[in-house]
Amino acid sequence: MIRVQGMRPSPHLGGRSRWSRSGVNIADLTDMANEMAAAQSLPRLNYEVLFLDGNETQEKLLRRVHQRLNRSLSKGLPPVISIRRFADRENSAGERSWTIIDGHFVTVIALPKKLGKHDRAFRVTYLDPWGGKKSDGWIAISERAFLRGSERDSSLAPCLEAVFPDAQVGKKRVRPGETSVLTLSAAMGCW
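Residues numbered from 1 in each chain as written. Predicted model: local features only at pLDDT ≥ 70, side-chain atom pairs only at ≥ 80, totals over all residues. Heavy atoms only, no water.

### Describing the packing of aromatic side chains
Scanning all chains against the criterion turns up two aromatic pairs. An angle of 70 degrees between the planes, with centres 6.4 Å apart, marks the rings of Trp98 and Phe146 as edge-to-face. Placement of the pair is Trp98 in strand S3 (residues 96-110) and Phe146 in the loop between strand S5 (133-140) and strand S6 (160-163), with a sequence separation of 48 residues. Each member of the pair, Trp98 as well as Phe146, is classed as buried. (Phe/Tyr/Trp six-rings, centres within 6.5 Å; stacked < 30°, edge-to-face > 60°. Helix = DSSP H or I, 4+ residues; strand = E, 2+ residues; numbered from the N terminus. Buried < 20%, exposed > 50% of the residue type's maximum accessible area, 1.4 Å probe, protein only.)

### Some remarks on the nonpolar core
Across soluble globular proteins, nonpolar side chains show a tendency to be buried alongside one another. In this structure, Val65, Ile81, Ile83, Phe122, Ile139 and Phe164 are the most contacted members of the largest nonpolar core, which totals 25 residues. When contributions to this core are tallied by element, the ones reaching two or more residues are helix H3 (58-74), strand S2 (80-90), S3, strand S4 (121-128), S6 and strand S7 (180-189). Examining the composition of this core, we find that four residues originate from one element, H3, more than from any other. Excluding residues within four positions of it along the chain, Ile139 makes contact with Leu62, Val65, Leu69, Arg120, Ala121, Phe122, Val124, Leu160, Glu161, Phe164 and Leu184. (Core = buried A, V, L, I, M, F, W, Y, C linked by side-chain atoms within 4.5 Å. Contact = heavy atoms within 4.5 Å.)

### With respect to the confidence of the model for the chain
Low pLDDT marks regions whose predicted coordinates should not be analysed in detail. With 94% of its residues at a pLDDT of 70 or more, the chain shows a mean pLDDT of 90. Ranking the elements of the chain by mean pLDDT puts helix H1 (residues 2-6) last with 70 and S4 first with 98. (pLDDT = per-residue confidence, 0-100.)

### Things to note about H3
With 17 residues, H3 extends 24 Å from end C-alpha to end C-alpha; this agrees with the ideal 24 Å at 1.5 Å per step. All buried positions along H3 are accounted for by Gln58, Leu61, Leu62, Arg64, Val65, His66, Arg68, Leu69, Asn70 and Ser72. Tucked into the core, H3 has its buried residues touching strand S1 (46-49), S2, S4, S5, S6 and S7. Two residues or fewer after H3 comes Gly76, characterised by a positive phi angle close to 95 degrees. (Expected span 1.5 Å × (residues − 1).)

### Quick notes on the pairing of S4
Bridge analysis of S3 against S4 gives three bridges, and the strand direction is antiparallel. Bridge pairing links Val108 to Tyr126 in S4. Where S4 meets S5, eight bridges bridge the pair, whose relative direction is antiparallel. Bridging across to S5, Arg123 finds its partner in Trp138. Where S4 folds back onto S5 in an antiparallel hairpin, the turn is made up of four residues, including Gly131, whose phi is positive at roughly 90 degrees. (Pairing = 2+ DSSP bridges.)

Below, the structure is given as structure tokens:
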């Protein structure tokens, strides 16, 4: 997969290879999956960046994310989600900003079929290719602000938090004293 589809030029990266030592992005991963699926006459996959859209509230984003993941599972394709760890890091000028530390893909294999009217999170079971582990976590509206400066109002977070206690992505690269957050950034599936 890496040698064939991964080494092809990316239309999303100005012609560079889709795959590099640091991995692959969701758009190129979807293109690669669609090339392999087409050869087997399987349905096309879609991807979506899962950040707030326009005037969307976090509650509506939570429902949109649940709907996309649930629809893909119901169609028989466990969705692949992109999770990213960010740290509130100080730069050389002494200014703090949210910095991406690392990203990773995991596959969702279970979630509740419906959300309650006032739910602010939903449980997921996922497979992590690092170690081939099955783990549980939550996709949630965060209780803290992140990625939008120093505001304390969590309603200002532009995406959902992936509360995945077993996920090791980026943990070793977080410096002592830094605050970090694992986010849900995108998904690929059938919807």
